[in-house]
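Single-letter residue listing:
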Protein chains: 2
Amino acid sequence: MKLYEKLADDIEALVTQGVYRPGEKIPSVRRTSQHHRLSITTVLRAYALLESRGVIESRPQSGYIVRPHGPIVAAGLAPSKPLAISASVDVSRLVLSTLRSIRSDEAVPLGSPYPDPSAFPYQRINQYANAIARRPGLWHGSEELPPGARPLIGQIAKRYLENGLSIDPNEIVITVGATEAINLCLQAVAKPGDVIAVESPTFYAMLHAIERMGMRAIEVATHPREGIDLGALADILKTQRIGACMVMPNFQNPLGFQMPDDKKRELVELLARYDVPAIENDVYHELYYGGSHPTALKSYDEKGLVLHCASFSKSLSAMYRIGWAITGRYREQVEKLKFLNTLTTPSIPQLAIAEYLKNDSYDHHLRKLRKAYAQQASLMKAMVKRFFPEGTKMSEPVGGYVLWVEMPAEVDSMRLYQLALENGITVGPGYMFSTTPSYRNFIRLNYSYPWNERIEQAVITLGKLVASCMRSAA
Amino acid sequence: MKLYEKLADDIEALVTQGVYRPGEKIPSVRRTSQHHRLSITTVLRAYALLESRGVIESRPQSGYIVRPHGPIVAAGLAPSKPLAISASVDVSRLVLSTLRSIRSDEAVPLGSPYPDPSAFPYQRINQYANAIARRPGLWHGSEELPPGARPLIGQIAKRYLENGLSIDPNEIVITVGATEAINLCLQAVAKPGDVIAVESPTFYAMLHAIERMGMRAIEVATHPREGIDLGALADILKTQRIGACMVMPNFQNPLGFQMPDDKKRELVELLARYDVPAIENDVYHELYYGGSHPTALKSYDEKGLVLHCASFSKSLSAMYRIGWAITGRYREQVEKLKFLNTLTTPSIPQLAIAEYLKNDSYDHHLRKLRKAYAQQASLMKAMVKRFFPEGTKMSEPVGGYVLWVEMPAEVDSMRLYQLALENGITVGPGYMFSTTPSYRNFIRLNYSYPWNERIEQAVITLGKLVASCMRSAA
């Protein structure tokens, strides 16, 4: 057992025994560090672990307290309030150039959108791939026409069923990652010039899909822990024709929220009243920190108006880029567009993943991943709280692996991005998540990588760079 | 040595020794069969082999003659003469449903567009893929942003250079097969509603790209051995705005021709005069039967107006679907569209193929493939000549692995397709290759599979089915 785990266990035992009571302050990081002769980092890790276990929580100005029973305190981020005006989209150039510099293997990848590749069971999947490639020759074998490889479609439907969602396998179309799924679904339901409603901030993949088709985006007010504002959306639906609504109800990138179930149902019903299709990006659905799998918008869909997109890229195998769409009433259109767009998805990876799902312990793999991400979330939050300037606010992700950080208003995230790069650190500037500069002073931080000294030092350096941006702006 | 090879060698020796002279008839199949106590099939194979060697050729009504010096005789197919009227495109539904039934592993796949998968060195490529997946962990490793993996781009540029075409590696963008390359190139240069000039018949992938973007196709008269008619194209360019011209100058699917070099140059110059981009689909470029690699339109491109698309799917590894575009002056647009369309192409297959190209004998593999396809072409032609009804005409493919067969006018290829399916045989109906029913009585036959009794019997059965279609139409 590591030092910080031991410390966390000791403190948890005191809480369990009632020595520290709900709402009561526990000793500060500094005092505990002195007291136990442990480094600040070790104590922060222990407190982060306790936070991830729900034992304590940090309160502004008052340090850490034993968590009271009842609702979680607000995370500090205010709901967004974008103007209800649609805009053409041209964000991809910025995103591409940013992601490019983020890919340097020398820099600490806090700006990366990707999960840690070492977390995936590639050896097992490759073993299956090899066995499949060696199967005695049939006439074909190298291609799978849309909708995709039957065994994989079956395994995906089975997985949804186990997660409480009954899916018609005939609605599933396999794609090149969720990116293609989102593109095809949007193209199936709307046409160039149409106005598409999105969250604010929104994941740039959604904006890319809109840009690709020459559509327009309208950003909708979004609550940092509950998702898209249904009142604001209803107002928009009353006044203009909306071609589709694209949302990420579970562990939204960048906010990390999970929409409450009743809000998901209301959203589906609201859109159905206006006959507006919903495109649901659910790529993080397996990466929840709570006790149970989140529901999908799709599970409240009675009219076939929800097009659900997901992939294995965040949970099992980024390198094969196998995604899918569950197409509702648009099955035929999506399938045809898939055929037109990339003809087929390579079959060997599809069959190899199907074998993995059938024979290996995907659940065991996911439990490890969820536990690691939950702990790393707490560590990242604790480090940002400790080392970023006063006035910094952040999201409360309950799944996935990104943190959304609001810095003081005078900090420009592009300036910070440049300074960070010069210091061998990358961040995701807020400009990528909107058609407007509304998130000028926000950054997205990735915490999928196993925690280490380099990451720790990078967060400390970032905090200093933020402070220097504030000074130079003053 | 096999019996038919022995027979072919014996006859070739007689020709070399001047026993049979140019233009002279050699004994008929039936007589040779009786004479040598060999089966009809064996003799046909021997004659096909001699034909592929250029020693003899078959003449209507007069059997086989020793090939005279001078130009090859016409193959019998007349140049196409489509109406110069643009049409909206909606061919993908037919193609998808046809390809689906063609994929049955029970049926003899004469209708398949795919090469024989057993011809590809998957074992070697998979070995490289495994080694790459095991490389010690970097931060990233699972994704390659556009333009794609540098080592592969370098190998592709090197290969072009060896084939006599000097390419700027900065123009190369890696894609999911040539399908995506064609789509992105077309989207980069033209917009919905634009009129796109294509060959007639044209490969349906070109029609799909036009359909995907809601553009219109105009089919241009095409010569069965020389390609698109430059006079007809010039007339069209004079009278209407053309958004792009999409052609397949080498081993066109379905006609199998190779455009002469001077015609390629003239085509590039003609289009450049009107500032019309050319999209060149060159997926079969490595599969030539003649002595040398064909030139590409791209090699005559001085203005950056030729967008060249190709892939490894026909020559090395269909199952990984790695293609590329050489983008001319449209590099930035194509790269951005790639990013929007599928984000990234999986990196492991890219790196594995790069390793294969670097370390293994791609040329040796290709020599075997070319030799096999050339022989199978001769066999397929000989069998169709022998067993299809009088009035049948066919293409003279000089590369690739498909034969285009014109049946008597009363035969409907969809009817034949249905009958063939019932007999466990697939064919590619002519309707797939045009926006009009101009190729109602044409079929495409695949000869990529190693010749065997089942294929032979299938061609014999097809011949009977064609005859029965003629009778029922009469």
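Under an unreviewed UniProt entry, the name given to chain A is HTH-type transcriptional regulator NorG, and the source organism is Paraburkholderia solisilvae. Turning to chain A, the UniProt record has this under Sequence similarities (unreviewed entry): "In the C-terminal section; belongs to the class-I pyridoxal-phosphate-dependent aminotransferase family."

When helices and strands are tallied, chain A shows 15 helices and 16 strands. In summary, chain A has a C-alpha radius of gyration of 23 Å against a globular reference of 23 Å for 474 residues, a match within 12%. With the C-alpha coordinates of chain A rotated into their principal frame, the extents come out at 70 × 55 × 45 Å. The buried share of chain A, taken over its 474 residues, is 63%. Accessible surface, chain A: about 17700 Å² in total, of which carbon and sulfur atoms supply 51%.

Per the domain assignment, the segments making up chain A are domain 1 (3-66) and domain 2 (124-362). Distance between the C-alpha centres of domain 1 of chain A and domain 2 of chain A: 40 Å.

On the surface, Glu226, Asp261, Asp262, Glu266, Glu269 and Glu302 of chain A cluster together into a negatively charged patch. Among the structural elements, Glu266 of chain A can be located in helix 10 (residues 261-273).

Residue and element names in this part refer to chain A. Strands sit in the order 13-14-16-15 across an open sheet of four strands; the sheet is antiparallel. Among the strands making up the open sheet, the edge pair consists of strand 13 (393-394) and strand 15 (428-429). Here two bridges tie strand 15 to strand 16 (residues 442-446), and the two strands are oriented antiparallel to one another. The residue bridging Pro429 from the neighbouring strand is Ile443, located in strand 16.

A common measure of how large an interface is: the accessible area buried when the components associate. Contacts between the two partners involve 60 residues from chain B and, on the opposite side, 60 residues from chain A. The interface formed by chain B and chain A contains eight salt bridges. Residue Lys336 of chain A pairs with Glu211 of chain B through a salt bridge whose shortest N-O separation is 3.2 Å. Joining chain B to chain A, the criterion identifies 22 residue pairs in polar contact (both at pLDDT 80 or more). Those elements giving two or more residues to the side of chain B that touches chain A turn out to be helix 4 (92-102), helix 5 (122-133), helix 7 (177-189), helix 8 (204-212), helix 11 (331-342) and helix 15 (453-473) of chain B. For the side of chain B that touches chain A, the per-class residue count stands at 27 nonpolar, 17 polar and 16 charged.

What follows is about the relation of the copies chain B and chain A. Superposing chain B onto chain A takes a rotation of 180° combined with a translation of 0.0 Å along the rotation axis, leaving an RMSD of 0.1 Å. Here the transformation between the copies is reduced to the relation of a two-fold axis. The residues that chain B uses at the interface reappear at the interface of chain A in 100% of cases, marking a shared surface.

What follows concerns the packing of helix 6 (residues 150-162) of chain B against helix 12 (residues 347-359) of chain B. Residue and element names in this part refer to chain B. Packing of helix 6 against helix 12 brings their axes to within 8 Å, and their N-to-C directions diverge by 40°. Here helix 12 runs oblique to helix 6, going by the angle between their axes. Between helix 6 and helix 12 lies a crossing whose hand is left-handed. On helix 12, the residues that touch Pro151, Leu152 and Gln155 of helix 6 are Gln350, Leu351, Ile353, Ala354, Leu357 and Lys358. The residue makeup of the contact of helix 6 with helix 12, split by class, is six nonpolar, two polar and one charged.

Let's shift gears to the packing of aromatic side chains. All names here are of chain B. Enumeration according to the criterion identifies 28 aromatic pairs over all chains in this entry. An angle of 45° between the planes, with centres 4.7 Å apart, marks the rings of Phe203 and Tyr204 as tilted. Classification of Tyr204 by relative accessible area gives buried; the value is 3%. Ring plane angle 25° and centroid distance 5.0 Å describe the contact between Trp404 and Phe442, whose orientation is recorded as stacked.

Residue and element names in this part refer to chain B. Relative to the helices and strands, Ser472 is located in helix 15. As a C-alpha pair, Ser472 and Tyr373 span 99 residues in sequence and 35 Å in three-dimensional space. From its side chain, Ser472 meets the backbone oxygen of Cys469 in a polar contact 3.2 Å long.

This part covers the pattern of salt bridges. Enumeration over the complete set of coordinates arrives at 44 salt bridges over all chains. In this structure, Arg159 of chain A engages Glu162 of chain A in a salt bridge whose closest nitrogen and oxygen atoms are separated by 4.0 Å. Taken together, the residues Arg159 of chain A and Glu162 of chain A, both in helix 6 (residues 150-162) and three residues apart, mark about one turn of the helix. Note that Asp363 of chain B is salt-bridged to Arg159 of chain B, the shortest N-O span being 3.0 Å.

So, on to the sheet that holds strand 6 (residues 216-220) of chain A. Residue and element names in this part refer to chain A. Ordered in space as 3-6-5-9-10-11-12-4, the eight strands form an open sheet in which the pairing is mixed. Edge positions in the open sheet fall to strand 3 (87-88) and strand 4 (172-176), since each of these has one partner strand only. The sheet contact formed by strand 5 (residues 195-199) and strand 6 spans five bridges and is parallel. For Val198, the partnering residue across the bridge sits in strand 6 and is Glu219.

Quick notes on the rules
Residues numbered from 1 in each chain as written. Chains lettered and ligands numbered in written order. Predicted model: local features only at pLDDT ≥ 70, side-chain atom pairs only at ≥ 80, totals over all residues. Heavy atoms only, no water. UniProt positions renumbered as here; feature names shortened; annotations may be inferred. Helix = DSSP H or I, 4+ residues; strand = E, 2+ residues; numbered from the N terminus. Rg over C-alpha atoms; globule rule 2.2 N^0.38 Å. Buried < 20%, exposed > 50% of the residue type's maximum accessible area, 1.4 Å probe, protein only. Areas by Shrake-Rupley, 256 points an atom, 1.4 Å probe, with all protein chains shown as cover. Domains from an automatic or database assignment. Patch = residues over 30% accessible without salt bridge, like charges linked within 9 Å, V, L, I, M, F, W, Y side chains within 5 Å. Salt bridge = Lys/Arg side-chain N within 4 Å of Asp/Glu carboxyl O. Lys, Arg positive; Asp, Glu negative; His and termini not counted. Charge placed at Lys NZ, Arg CZ, Asp CG, Glu CD. Pairing = 2+ DSSP bridges. Contact = heavy atoms within 4.5 Å. Polar contact = N/O pair within 3.5 Å; in protein donor to acceptor, adjacent residues only side chain to side chain. Nonpolar A, V, L, I, M, F, W, Y, C, P; charged D, E, K, R; others polar. Least-squares fit on C-alpha atoms with pLDDT ≥ 70 in both. Axes fitted to C-alpha atoms, helices over the stretch in contact; angles between N-to-C directions. Parallel < 35°, antiparallel > 145°, perpendicular 65-115°, else oblique. Left-handed = near helix turned anticlockwise from the far one by under 90°. Phe/Tyr/Trp six-rings, centres within 6.5 Å; stacked < 30°, edge-to-face > 60°.

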